[in-house]
Amino acid sequence: MQGIIYMQLKKFVVTTVGKDDWTQLLDKSGLESRLYLPTNTYPDEEFSTLLSAISKASDRSRSAILEEFGQFVVPELFALYGTFISPEWKTLDLIENTEQTIHKVVRLRNPGADPARLKTIRRTIDEIEVTYDSPRKMCSLAKGIIHGVAAHYEERVSIDESRCMLMGDNCCKLYVKKEVI
Ligand code: HEM
């Protein structure tokens, strides 16, 4: 995973828990004095180890942390890749275009980056089906990002996960529905 994601994870811990806690988490994870640079790529195991440490320290599940982190990271993603986001898009349009447009650009800009390969089917104007099958098994991050994107557009969505890799399925299926506020 790219350094920018680790830098955001650090910001997430520092703002939601405390500055010293990040240093302690690094120590506990065997990553003393680790510095993350935005465009460098770091092993996924490090992200997983840090996630487990945050989960243990906060007594919350990895999924809950990932989902919250997903929402947290969205403003930075918009800031970095905003030029590739059409001003006409809303939440479901952005999700529909993430693979062909945004994640594609992420891969082109940083050959080390490997964002999730999402498949989408726009069921109706208000519903989209997302298939996620990354070996990282971080569908909770996807759910958090989706809620964060909705918050950006001042919309609200419900997500129904009918299949999940963490439950032994070969992919996660997220049915995202725009709610009428
Ligand atoms: C503003 C729009 C978005 C931007 C700029 C963006 C960018 C990125 C970047 C930079 C990464 C890290 C890649 C790496 O370090 O290798 C990533 C990963 C990821 N993205 Fe996106 N993304 C966007 C929207 C979305 C949406 C809408 C979803 C879900 C529907 C999503 C799901 C994920 C997931 C789950 C990962 C983690 C990698 C994995 O699970 O294999 N992203 N994205």
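Remember, predicted model here, so these are calculated numbers, not experimental data.

(A) Fine view of the overall build of the protein chain. When helices and strands are tallied, the protein chain shows 6 helices and 4 strands. Listing every helix and strand of the protein chain by position from the N terminus yields α-α-α-α-α-β-β-α-β-β. In terms of C-alpha radius of gyration, the protein chain reaches 16 Å, essentially the compact-globule figure of 16 Å for 181 residues. Overall size of the protein chain, expressed as C-alpha extent along the three principal axes, is 50 × 35 × 30 Å. Within the span of the protein chain, comprising 181 residues, buried residues form 27% of the whole.

(B) Molecular detail of the site of the ligand. Neighbouring the ligand are 25 residues; Q2, Y81, P115, A116 and S134 lie closest to it. Elements with a minimum of two residues in the shell around the ligand: helix 4 (62–81), helix 5 (91–109) and helix 6 (139–152). When its residues are assigned to classes, the shell around the ligand shows 19 nonpolar, 4 polar and 2 charged.

(C) Representation of the domain arrangement of the protein chain in the model. Taken as a whole, the protein chain is organised into domain 1 (3–60) and domain 2 (65–179). Placing a centre on the C-alpha atoms of domain 1 and another on those of domain 2 gives a separation of 22 Å. Facing the 11 residues of domain 1 at the interface are 9 residues of domain 2. If you list the elements that add at least two residues to the side of domain 1 that touches domain 2, you get helix 1 (3–16) and helix 3 (44–58). The dominant element in the side of domain 1 that touches domain 2, judged by the number of residues it contributes, is helix 3, at 5 residues. A class-by-class count of the residues in the side of domain 1 that touches domain 2 yields 4 nonpolar, 5 polar and 2 charged.

(D) Just the environment of P115, in detail. Tracing the sequence through the fold places P115 in the loop between helix 5 and strand 1 (118–124). Residue P115 is classed as partly exposed on the basis of its 18 C-beta neighbours within 10 Å. Leaving out residues up to four positions away in the same chain, P115 has contacts with H103, V106 and R107.

Rules of the game
- Residues numbered from 1 in each chain as written.
- Predicted model: local features only at pLDDT ≥ 70, side-chain atom pairs only at ≥ 80, totals over all residues.
- Helix = DSSP H or I, 4+ residues; strand = E, 2+ residues; numbered from the N terminus.
- Rg over C-alpha atoms; globule rule 2.2 N^0.38 Å.
- Buried ≥ 20, exposed ≤ 12 C-beta atoms within 10 Å, placed from the backbone.
- Near = placed C-beta within 6 Å.
- Nonpolar A, V, L, I, M, F, W, Y, C, P; charged D, E, K, R; others polar.
- Domains from an automatic or database assignment.
- Contact = placed C-beta atoms within 7 Å.

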